[in-house]
Amino acid sequence: QVQLVESGGGLVQAGGSLRLSCAASGRTFSTYSMGWFRQAPGKEREFVARISSTGRTYYADTMKGRFTISRDNAKNTVYLQMNSLKPEDTAVYSCAARGPWDSDFGYWGQGTQVTVSS
């Protein structure tokens, strides 16, 4: 069982930056793939980025070059550095975990609100 707690959301002006953190419980964090997703009001949840247990990263096309996902296994934490934020990045951002034997992300945090003003 993995519990995830996000932090770092808030209000920022367009062009600004935020760093989200996701702290995970459990002793097997390093074996999990971790992901960030977001959901804007009235829209479907969308993939943002993920990082494998070996540190390989993947991004949605619209986030490439602006967002960076990283992990610190010693701290059981995954980060999402978001730069050059746009109003359309406004959403609730959630982190998720996928175990080494799982086919999909099965553990989710409660989410943190990111609001980008124009």
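That block above? That's the structure.
Conventions and cut-offs
Residues numbered from 1 in each chain as written. Predicted model: local features only at pLDDT ≥ 70, side-chain atom pairs only at ≥ 80, totals over all residues. Heavy atoms only, no water. Helix = DSSP H or I, 4+ residues; strand = E, 2+ residues; numbered from the N terminus. Rg over C-alpha atoms; globule rule 2.2 N^0.38 Å. Buried < 20%, exposed > 50% of the residue type's maximum accessible area, 1.4 Å probe, protein only. Phe/Tyr/Trp six-rings, centres within 6.5 Å; stacked < 30°, edge-to-face > 60°. Lys NZ or Arg CZ within 6 Å of the ring centre and 35° of its normal. Core = buried A, V, L, I, M, F, W, Y, C linked by side-chain atoms within 4.5 Å. Contact = heavy atoms within 4.5 Å. Salt bridge = Lys/Arg side-chain N within 4 Å of Asp/Glu carboxyl O.

Caption draft 1: The overall build of the protein chain, seen in detail. When you go through the protein chain residue by residue, the secondary structure sums to zero helices and eleven strands. Helices and strands in the protein chain line up, N terminus first, as β-β-β-β-β-β-β-β-β-β-β. Radius of gyration (C-alpha) of the protein chain: 13 Å, near the 13 Å computed for a compact globule of 118 residues. The dimensions of the protein chain, computed from C-alpha atoms along their principal axes, are 40 × 25 × 25 Å. The buried share of the protein chain, taken over its 118 residues, is 43%.

Caption draft 2: Molecular detail of the packing of aromatic side chains. Under the definition given, this model contains four aromatic pairs. Each ring, one from Tyr-32 and one from Tyr-107, has its centre 6.2 Å from the other, and the planes form 65°; the classification is edge-to-face. Within this pair, whereas Tyr-32 is found in the loop between strand E3 (18–24) and strand E4 (33–39), its partner Tyr-107 is found in strand E10 (residues 107–108), the two being separated by 75 residues in sequence. The interplanar angle of 75° and the centroid separation of 5.4 Å between the aromatic rings of Phe-37 and Phe-105 together place this pair among those described as edge-to-face. Note that Phe-37 is positioned in strand E4 and Phe-105 in the loop between strand E9 (91–98) and E10, a separation of 68 residues in sequence. Look at Phe-37 and you get buried, because its relative accessible area is 11%. Residue Phe-105 is classed as buried on the basis of its relative accessible area of 12%. Each residue in the set Phe-37, Phe-47, Phe-105 and Trp-108 is aromatic and connected to the rest through ring pairs, giving one cluster. A cation over an aromatic ring shows up here: Arg-98 above the ring of Phe-105, its NZ or CZ 5.3 Å from the ring centre.

Caption draft 3: Summary view of the nonpolar core. One finds Met-34, Trp-36, Leu-80, Met-82 and Tyr-93 to be the most contacted residues of the largest nonpolar core, which totals 29 residues. Contributing elements (two or more residues each) for this core: E3, E4, strand E5 (46–51), strand E7 (67–72), strand E8 (77–82), E9 and strand E11 (112–117). Discounting chain neighbours no more than four positions away, the residues touching Met-34 are Leu-4, Cys-22, Phe-29, Ala-49, Arg-50, Ile-51, Ile-69, Arg-71, Val-78, Ala-96, Ala-97 and Phe-105.

Caption draft 4: Representation of the pattern of salt bridges. Per the stated rule, a full pass over the model turns up four salt bridges. For Arg-38, the salt bridge is made with Asp-89, and the minimal N-O distance between the two is 2.9 Å. With Arg-38 in strand E4 and Asp-89 in the loop between E8 and E9, this residue pair connects regions lying 51 residues apart in the sequence. The class of Asp-89 is buried, set by a relative accessible area of 1%. Ionic contacts of the salt-bridge type, sharing partners, join the residues Arg-38, Glu-46, Arg-66 and Asp-89 into one network.

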